[in-house]
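Reading the structure
One letter stands for each residue in the lines below.
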Amino acid sequence: MDLSMLPAGLPAFLSHFGLALVLTGAFLLIYIFITPYHELALIRAGNHAATASLAGALLGYVVALASAISNSINLMDMLIWGIVALVVQLLAFGIVRLMLPTLLADIPENKIASGIFLGTVSLGLGLLSAACMTY
């Protein structure tokens, strides 16, 4: 295969995409670790509240990370903004936990309203943080 036929931006794509996968995996591990309930087990059991909350958090993070990728000047810049996006998602969980004191029981009990609200706040803050990552 003639390597000159490859797009010039392929190495940048591969490095940014690889780092994005690592950051997304790290986000999921950290987020699942900080929540006292086991989202993946709840999702496997058909818990809609856990699905909505984790999906919203993941989408909120990935939207912000996509903005970080688009606006970063190098991998270190992307990494820093990816960490900022992670912190924003953890704050989203903390904010909703304060607003809904029963959240930690609501999600395992499949109270879908709480799951949707948490997911929506997570996605909303992710969109806001994504918009703020432009310069």
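Residues numbered from 1 in each chain as written. Predicted model: local features only at pLDDT ≥ 70, side-chain atom pairs only at ≥ 80, totals over all residues. Heavy atoms only, no water.

The chain is annotated in an unreviewed UniProt entry as DUF350 domain-containing protein from Collimonas arenae. What the UniProt record of the chain gives under Subcellular location (unreviewed entry) is the line "Cell membrane". Turning to the chain, the UniProt annotation filed under Sequence similarities (unreviewed entry) states: "Belongs to the UPF0719 family." (UniProt positions renumbered as here; feature names shortened; annotations may be inferred.)

A separate point is a nonpolar patch on the surface. A contiguous nonpolar surface patch, about 530 Å² in accessible area, is contributed by Ile83, Val87, Leu91, Ile95, Met99 and Phe117. The biggest single contributor to the nonpolar patch is helix α4 (residues 75-99), with 5 residues. Among the structural elements, Ile83 can be located in helix α4. The exposure class of Ile83 is partly exposed, given its relative accessible area of 46%. (Patch = residues over 30% accessible without salt bridge, like charges linked within 9 Å, V, L, I, M, F, W, Y side chains within 5 Å. Areas by Shrake-Rupley, 256 points an atom, 1.4 Å probe, with all protein chains shown as cover. Salt bridge = Lys/Arg side-chain N within 4 Å of Asp/Glu carboxyl O. Helix = DSSP H or I, 4+ residues; strand = E, 2+ residues; numbered from the N terminus. Buried < 20%, exposed > 50% of the residue type's maximum accessible area, 1.4 Å probe, protein only.)

The terminal C-alpha atoms of α4 lie 36 Å apart, and with 25 residues this matches the ideal 36 Å at 1.5 Å per residue to within 8%. For α4, the set of buried residues is Asp77, Met78, Gly82, Ala85, Leu86, Val88, Gln89, Ala92, Phe93 and Val96. The inward-facing, buried residues of α4 abut α1 (10-34), α3 (48-71), α5 (103-106) and α6 (112-132). The backbone nitrogen of Met76 has a side-chain oxygen 3.1 Å away, supplied by the residue at the start of α4, namely Asn74. (Expected span 1.5 Å × (residues − 1). Contact = heavy atoms within 4.5 Å. Polar contact = N/O pair within 3.5 Å; in protein donor to acceptor, adjacent residues only side chain to side chain.)

A few words now on the pattern of salt bridges. Inspection of every chain in the model, using the stated rule, returns 2 salt bridges. Note that Lys111 and Asp106 form a salt bridge whose closest N and O atoms lie 3.7 Å from each other. According to the relative accessible area criterion, Lys111 is partly exposed, its value standing at 41%. Judged by its relative accessible area of 6%, Asp106 falls in the buried class. Here the salt bridges do not stand alone but share partners, grouping Asp106, Glu109 and Lys111 into one network.

The subject of this paragraph is α1. Here α1 spans 36 Å end to end across 25 residues, near enough to the 36 Å set by a 1.5 Å rise per residue. Taken together, the buried positions of α1 are occupied by His16, Ala20, Leu23, Thr24, Phe27 and Tyr31.

Mapped onto this structure's residue numbering, the UniProt feature "transmembrane region" (unreviewed entry) falls at residues 12-34, 46-66, 78-100 and 112-133. Taken end to end, residues 46-66 comprises 90% helix and 0% strand; its first and last C-alpha atoms sit 29 Å apart. The annotated region residues 112-133 carries 95% helix and 0% strand content, and the separation between its end C-alpha atoms amounts to 31 Å.

Applying the stated rule across the entire model yields 4 aromatic pairs. Consider the rings of Phe27 and Tyr31, whose centres lie 5.5 Å apart with planes at 35°: the pair is tilted. Of this pair, Phe27 and Tyr31 both sit in helix α1, separated by 4 residues, roughly a single helical turn. Residue class for Phe27 comes out buried when judged on its relative accessible area of 0%. Tyr31 gets classed as buried once you look at its relative accessible area, which sits at 0%. Ring centres 5.9 Å apart and planes at 75° place the aromatic pair Tyr31 and Phe93 in the edge-to-face group. One end of the pair, Tyr31, is in helix α1; the other, Phe93, is in helix α4, with 62 residues separating them in the sequence. Using a relative accessible area of 3% as the deciding quantity, one classes Phe93 as buried. Among the aromatic residues, ring-to-ring pairing joins Phe27, Tyr31, Tyr61 and Phe93 into one connected group. (Phe/Tyr/Trp six-rings, centres within 6.5 Å; stacked < 30°, edge-to-face > 60°.)

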